[in-house]
Amino acid sequence: ERSAAGAVRAVMARCGALDAVVNNAGIDRTVPLEELRVEEWDRISAVNLRGPFLIAREAFPIMRARGGGAIVNIVSTAAKRAWANAAAYHATKWGLLGLSHAMHVEGRALGIKVTAVIAGGMRTPFLLDRFPELDPDLLQDPANVAEAVRFVLEQPPETVIPEITVLPLRETSWP
């Protein structure tokens, strides 16, 4: 909690304003549910769900005071489908999607746009180190998701995109 408040204060001290926040942290432990330790569950929950909540809670009053802003939460297709050995990851990403929509409803009246960017498989160590059998050519460059974030942030003032999905063209595990 102190770290989140300190991070937002540091941005304000350095920049004098807070126009946008992108919550892009995510961790996982790839093990069956019965092997997942409570400490691991708590750590994954703290990073994937509690962290975005804390940052957004700090950002909301600053954005409200200046008449608006934008918060983008990088979610995952794990918020829409499930695979084995990722219970905590799925739970937190589904939670982050719900949190994003709740913040969207609250933020609109304050001029704060909140968007959930649901990203499909990305060509990063997060996936490739844990799943070496994955074909990297079926995954997308993280820059593609960054472009989607930019697209969301560049919308006209009277437009908000509550949710957007960005998938690799050839990802086979998603319809």
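Scroll up for the structure.
Described in the following lines is the structure provided in the data block. Note that the structure is a prediction, hence the values are computed from the model and not measured.

1. A word on helix α1 (residues 2-15)
Alright, step 1. Relative to the 20 Å expected for 14 residues at 1.5 Å per residue, α1 spans 20 Å between its end C-alpha atoms, a close match to the ideal helical length.
Alright, step 2. Listed in full, the buried residues belonging to α1 are A4, A5 and V8. Considered in projection along α1, the buried side chains sweep an arc of 100 degrees and stay on one side of the axis. Of the residues in α1, the exposed ones pointing more than 90 degrees away from the buried face are R2, S3, A13 and R14.
Alright, step 3. Against α2 (38-65) lie the buried residues of α1.

2. A closer look at the packing of α2 against helix α3 (residues 87-108)
How two helices sit against one another is set out by the angle between their axes and by the gap between those axes.
Alright, step 1. Relative orientation of the contacting elements α2 and α3 amounts to 15 degrees, with a least axis distance of 8 Å. Accordingly, the angle class assigned to the pair α2 and α3 is roughly parallel. For the pair α2 and α3, the sense of crossing is right-handed. Along the contact surface, α2 presents W41, I44, S45, N48, L49, P52, F53, A56 and F60, while α3 presents A87, A88, Y89, A91, T92, K93, G95, L96, L99, M103, E106 and G107.
Alright, step 2. In terms of residue class, the contact of α2 with α3 is built from 14 nonpolar, 5 polar and 2 charged.

3. Description of the nonpolar core
Alright, step 1. In this structure, V21, M63, I71, V75 and M103 are the most contacted members of the largest nonpolar core, which totals 21 residues.
Alright, step 2. Among the secondary structure elements, those contributing two or more residues to this core are α1, α2, α3 and β3 (112-119).
Alright, step 3. By residue number, the principal contributor to this core is α2, which donates 6 residues.
Alright, step 4. Residues in contact with I71, not counting those within four places in the same chain, are V21, N23, A56, A59, F60, M63, M103, I112, K113, V114 and T115.
Alright, step 5. Formed by 12 residues, the second largest nonpolar core is a distinct cluster that contains V72, V145, V149 and I161.

4. Remarks on unusual backbone geometry
Alright, step 1. Notably, N85 is not glycine yet its phi reads approximately 65 degrees, a positive angle.
Alright, step 2. Its location among the elements puts N85 in the loop between β2 (69-74) and α3.
Alright, step 3. Given a relative accessible area of 34%, N85 falls into the partly exposed group.

5. A short note on the pattern of salt bridges
Alright, step 1. Using the criterion set out here, one finds 8 salt bridges in the structure.
Alright, step 2. With a shortest N-O distance of 2.3 Å, D19 and R66 are connected by a salt bridge. You can see D19 sitting in the loop between α1 and β1 (20-23) and its partner R66 sitting in the loop between α2 and β2, a full 47 residues away along the chain.
Alright, step 3. In this structure, E147 engages R150 in a salt bridge whose closest nitrogen and oxygen atoms are separated by 3.8 Å. Of the two residues, E147 and R150 both sit in helix α5 (residues 142-153), 3 residues apart, roughly one turn of that helix.
Alright, step 4. On the basis of relative accessible area, E147 is assigned to the partly exposed category, the value being 45%.
Alright, step 5. Here R150 falls in the partly exposed class, since its relative accessible area comes to 45%.
Alright, step 6. By sharing partners, the salt bridges in this structure join R29, R37, E39 and E40 into a single network.

Conventions adopted
- Residues numbered from 1 in each chain as written.
- Predicted model: local features only at pLDDT ≥ 70, side-chain atom pairs only at ≥ 80, totals over all residues.
- Heavy atoms only, no water.
- Helix = DSSP H or I, 4+ residues; strand = E, 2+ residues; numbered from the N terminus.
- Expected span 1.5 Å × (residues − 1).
- Buried < 20%, exposed > 50% of the residue type's maximum accessible area, 1.4 Å probe, protein only.
- Arc of directions from axis to C-beta.
- Contact = heavy atoms within 4.5 Å.
- Axes fitted to C-alpha atoms, helices over the stretch in contact; angles between N-to-C directions.
- Parallel < 35°, antiparallel > 145°, perpendicular 65-115°, else oblique.
- Left-handed = near helix turned anticlockwise from the far one by under 90°.
- Nonpolar A, V, L, I, M, F, W, Y, C, P; charged D, E, K, R; others polar.
- Core = buried A, V, L, I, M, F, W, Y, C linked by side-chain atoms within 4.5 Å.
- Salt bridge = Lys/Arg side-chain N within 4 Å of Asp/Glu carboxyl O.

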